[in-house]
Amino acid sequence: MNDPDYHRLVDMLGQFIESARFTPSELREACVLASINYEMRHVRDMQIDPRSEEAFRILDEFTTRRPRR
């Protein structure tokens with residue numbers, strides 16, 4: 001309510017809908033795609049805690065092991 005940039009963005013998106021340039025679904029998809037593109041361009045370096053890594057290894061072994069007869 002107090003952010004003028006956000007207000008302009010909402011108004012612009014509403015104008016796209018009003019002028020039938022995009023449907024609401026297309027705008028939602030475009031916003032999600034823009035977010036995905038941003039995340040793909042800004043990959044973060046992550047370090048997995050060694051205890052978590054060991055837990056994942058144990059779970060992987062448990063789920064890929066052949067069942068007993």
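Above this text is the structure in question.
Residues numbered from 1 in each chain as written. Predicted model: local features only at pLDDT ≥ 70, side-chain atom pairs only at ≥ 80, totals over all residues. Heavy atoms only, no water.

Across its 15 residues, helix H3 (residues 50–64) extends 21 Å between first and last C-alpha, which sits within 8% of the 21 Å expected from 1.5 Å per residue. In terms of burial, H3 is a largely surface element, zero of the 15 residues being buried. The opening residue of H3, the one whose side-chain oxygen lies 2.7 Å from the backbone nitrogen of arginine 51, is aspartate 49. (Helix = DSSP H or I, 4+ residues; strand = E, 2+ residues; numbered from the N terminus. Expected span 1.5 Å × (residues − 1). Buried < 20%, exposed > 50% of the residue type's maximum accessible area, 1.4 Å probe, protein only. Polar contact = N/O pair within 3.5 Å; in protein donor to acceptor, adjacent residues only side chain to side chain.)

On to the pattern of salt bridges, then. Following the criterion strictly, the structure yields five salt bridges and no others. Between arginine 51 and aspartate 49 there is a salt bridge, with its nearest N and O atoms 3.5 Å apart. For glutamate 61, the salt bridge is made with arginine 57, and the minimal N-O distance between the two is 2.4 Å. With glutamate 61 and arginine 57 both in helix H3 and four residues apart, this pair spans about one turn of that helix. On the basis of relative accessibility, which here comes to 43%, the residue glutamate 61 falls in the partly exposed class. Salt bridges here are not isolated pairs; linked through shared partners, they connect Glu54, Arg57 and Glu61. (Salt bridge = Lys/Arg side-chain N within 4 Å of Asp/Glu carboxyl O.)

The full count for this structure, using the stated rule, is one aromatic pair. An angle of 75° between the planes, with centres 5.4 Å apart, marks the rings of phenylalanine 16 and phenylalanine 22 as edge-to-face. A relative accessible area of 36% means that phenylalanine 22 is categorised as partly exposed. (Phe/Tyr/Trp six-rings, centres within 6.5 Å; stacked < 30°, edge-to-face > 60°.)

A surface patch of nonpolar side chains, amounting to about 380 Å² of accessible area, comprises Tyr6, Leu9, Val10 and Met12. Within the secondary structure layout, leucine 9 lies in helix H1 (residues 4–18). Of the residues examined, leucine 9 reaches a relative accessible area of 38% and is grouped as partly exposed. (Patch = residues over 30% accessible without salt bridge, like charges linked within 9 Å, V, L, I, M, F, W, Y side chains within 5 Å. Areas by Shrake-Rupley, 256 points an atom, 1.4 Å probe, with all protein chains shown as cover.)

Between its first and last C-alpha, H1 extends 21 Å over 15 residues, near the 21 Å set by a 1.5 Å rise per residue. The N-cap of H1, judged by a side-chain oxygen 3.0 Å from the amide nitrogen of aspartate 5 a few residues on, is aspartate 3. Backbone geometry just downstream of H1 places alanine 20 in the positive-phi region, at approximately 60°.

Read these as geometric descriptors, not functional statements.
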